[in-house]
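# Coordinate analysis (summary)
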Amino acid sequence: MNFDGFYGNERAKAYLNSAFARNALPHALLISGERGIGKKTLANILARAIVCTGESAPCGKCDACYKSENGFHPDIISIDAEKLKSDAAKYGIIPKKDGLIHVIRELKLNALLRPNDGERKVYIIDNAGTLSHDCQDALLKILEEPPLFTFFIILCYNLSDLLPTIVSRAAHIALSPLSDSDMLSVINKNMPGISGAERDELIKTSGGICSFLVYEKDNDCTEAAVNIARALISADELEIFRAISVLDKRDRDGASEVFDELCILFRDACVISSGARSTLISHDKSGISEKLAAIFPPKVSCSIIDLLTNAKVSCMRNVGLPHITGNLICKLADTAAKAALKG
C-alpha cells in the first residue's frame, strides 16, 4: 500500500500491507489514538486503497483515485458523529426526536445496497466514541454481518468510549505518537522554511502529534474565505468564479471549513452594521468584514450566510463539490451584482 502522507506507526502499516496482499482486510477496522495523531489521514488512505482499481493501491492514477482524492467518490461515505451532533439543531438535517440514531439506521440500510461506482464501498465513522449506546447498538448488527462489498473504518480516541460489543466486532489498530525522527520528516516535508531552532522546538513540544499542521490548514482556509469575500466585494463575475472554483481542489471537509470562515466574516459584517463590535468573533486583520458591511446590508449578509450553510449541508450529504461550487457561484454572483447596483 501507498501510505504517502501518513508517518510512523510501522507496525500498523505492516499489518495493513499484509492484509491487502492476502485480500484479507477486515470488513470492520477500529483505529484509535489521540487527536491529531493521524487517524483520519490513515482512514482516508485506506478508503482510497479499498476502492482503487489500479496497482499499488491507492495508485493515484485510476478514475476511482481521482474521485476519492478530490472528495466526490460516491462509494466513500464519511460521517463525523461529533460534528453531526453539534450541527444537527443548527442545520436541521436530523430530526431532534430521533437524534443520531436516525443517521445510523439510514447508514445500515444504505450499507446493504451495492456500490454506485465500483466493487466496494467504505464508511468512515469519525468520533465514534461520541455516539450514544443506542446508536452503537443500532450499528452493531451491520458490523456483525456486513455485505462482502462493504467496509467500515471506525475512529475514536479511547476504546472505553465504545461498547465492548463494538470493539469485539472490529480489528483494532492503535496509533502511537511519532518518534523524533518521524516528526523531523513531517516538519521537513511540510514546513521546509522554518529555522533549525523552530524545528527543534516543534519536535520538543509536539509530543509526537502533528496537530500543528492543522493550524496551517486553518490559515489556508481563512485565506481562501477572504479571497472569496474580496471577489464578492468587487462584484466581478470572473473573479467570483475564480475564487470559488478553487474549492473544487479540496475535499468536502476542507470546503466546509472555508464556508465556515466565510459565514464568520459575514456574521461579523452584520455585527459591525449593528454597532455591537464587542461581539466580533473573527480575527480578521484584513478589514474584510468592514468592507462587507459597507456593501452588503445585514439582510443580504444573512441571505449569503444561508447560501453558505446550505452549501455546507450539501457537503455533509455527499454532493459533488463541482455541483456545490457551481450553484454557489451563480447565486453569489447574482447577489453581489444586485448589491453593487444598489450601492
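Scoring rules and cut-offs
- Residues numbered from 1 in each chain as written.
- Predicted model: local features only at pLDDT ≥ 70, side-chain atom pairs only at ≥ 80, totals over all residues.
- Heavy atoms only, no water.
- Pairing = 2+ DSSP bridges.
- Helix = DSSP H or I, 4+ residues; strand = E, 2+ residues; numbered from the N terminus.
- Axes fitted to C-alpha atoms, helices over the stretch in contact; angles between N-to-C directions.
- Contact = heavy atoms within 4.5 Å.
- Core = buried A, V, L, I, M, F, W, Y, C linked by side-chain atoms within 4.5 Å.
- Buried < 20%, exposed > 50% of the residue type's maximum accessible area, 1.4 Å probe, protein only.
- Right-handed = clockwise from strand over helix to strand, strands pointing away.
- Salt bridge = Lys/Arg side-chain N within 4 Å of Asp/Glu carboxyl O.
- Phe/Tyr/Trp six-rings, centres within 6.5 Å; stacked < 30°, edge-to-face > 60°.

Another point: the sheet that holds strand 3 (residues 121-126). The strand order 2-3-4-1-5 describes an open sheet built from 5 strands, whose pairing is parallel. Whereas interior strands pair on both sides, the edge strands pair on one side only; in this sheet they are strand 2 (76-80) and strand 5 (171-174). Across this sheet, the average inter-strand angle for adjacent strands is 15°, counted without regard to direction. Sheet topology places strand 2 next to strand 3; 5 bridges connect them, and they run parallel. Residue pairing in the sheet places Ile79 in a bridge with Ile125 of strand 3. Sheet strands in contact with helix 5 (residues 101-111) are strand 2, strand 3 and strand 4 (150-156), and its direction is about 165° off that of strand 3.

In this structure, Ile228, Leu232, Phe259, Phe266, Leu292, Phe296 and Leu308 are the most contacted members of the largest nonpolar core, which totals 39 residues. Ranked by residue count, the leading element in this core is helix 12 (residues 252-274), at 9 residues. Sequence-distant contacts of Phe259, that is, excluding residues within four places in its chain, are made with Leu247, Leu308, Ala311, Lys312, Cys315, Ile324 and Leu328. Ranked by size, the runner-up nonpolar core spans 31 residues in total, among them Ile37, Val51, Ile124 and Leu175.

Looking at the element boundaries, Ile31 is found in strand 1 (residues 28-32). For Ile31, a relative accessible area of 0% translates into the label buried. Measuring from C-alpha to C-alpha, the distance between Ile31 and Asp126 comes to 9.6 Å, with 95 residues separating the pair along the chain. Discounting residues that sit within four places of it in the chain, Ile31 has contacts with Lys39, Leu42, Ala43, Leu46, Ile153, Ile154, Leu155, Cys156, Ile173 and Leu175.

To continue, consider the pairing of strand 4. Among the 7 residues in strand 4, 7 count as buried, and that is most of the element. Neither face of strand 4 is left uncovered, since the one carrying Thr150, Phe152, Ile154 and Cys156 and the one carrying Phe151, Ile153 and Leu155 both have all their residues buried. Where strand 1 lies against strand 4, 5 bridges are found, and the strand directions are parallel. Residue pairing in the sheet places Ile31 in a bridge with Leu155 of strand 4. Across 5 bridges, the pairing between strand 3 and strand 4 is parallel. Following the sheet pairing, Val122 is matched in strand 4 by Phe151. In the classification by handedness, the crossover that spans strand 3, the intervening helix 6 (residues 133-144) and the parallel strand 4 is right-handed.

A few words on the pattern of salt bridges. Enumeration according to the criterion identifies 11 salt bridges in this entry. The salt bridge involving Asp4 is made with Lys189; its shortest N-O contact spans 3.0 Å. Taken together, the residues span a long stretch of sequence, with Asp4 in the segment before helix 1 (10-21) and Lys189 in helix 8 (residues 180-190) at a distance of 185 residues. The exposure class assigned to Asp4 is exposed, which follows from its relative accessible area of 52%. Across the pair Asp260 and Lys312 runs a salt bridge whose closest N-O atoms are separated by 3.0 Å. Here Asp260, found in helix 12, pairs with Lys312, found in helix 14 (residues 298-316); they are 52 residues apart in sequence, far enough to count as distant. With a relative accessible area of 6%, Lys312 lands in the buried category. Linked by salt bridges that have partners in common, Asp63, Lys67 and Asp117 make up one network.

Turning our eyes to something else, we now look at the packing of aromatic side chains. Overall, the coordinates contain 2 aromatic pairs when judged by the stated rule. When the ring of Tyr123 is compared with that of Phe152, the centres are 5.5 Å apart and the planes differ by 20°; the resulting orientation is stacked. Of this pair, Tyr123 sits in strand 3 while Phe152 is found in strand 4, placing the two residues 29 residues apart along the sequence. Taking relative accessible area as the criterion, Phe152 reaches 1% and is therefore assigned buried. Measuring from ring centre to ring centre gives 5.8 Å for Phe266 and Phe296, while their planes differ by 65°; the resulting arrangement is edge-to-face.

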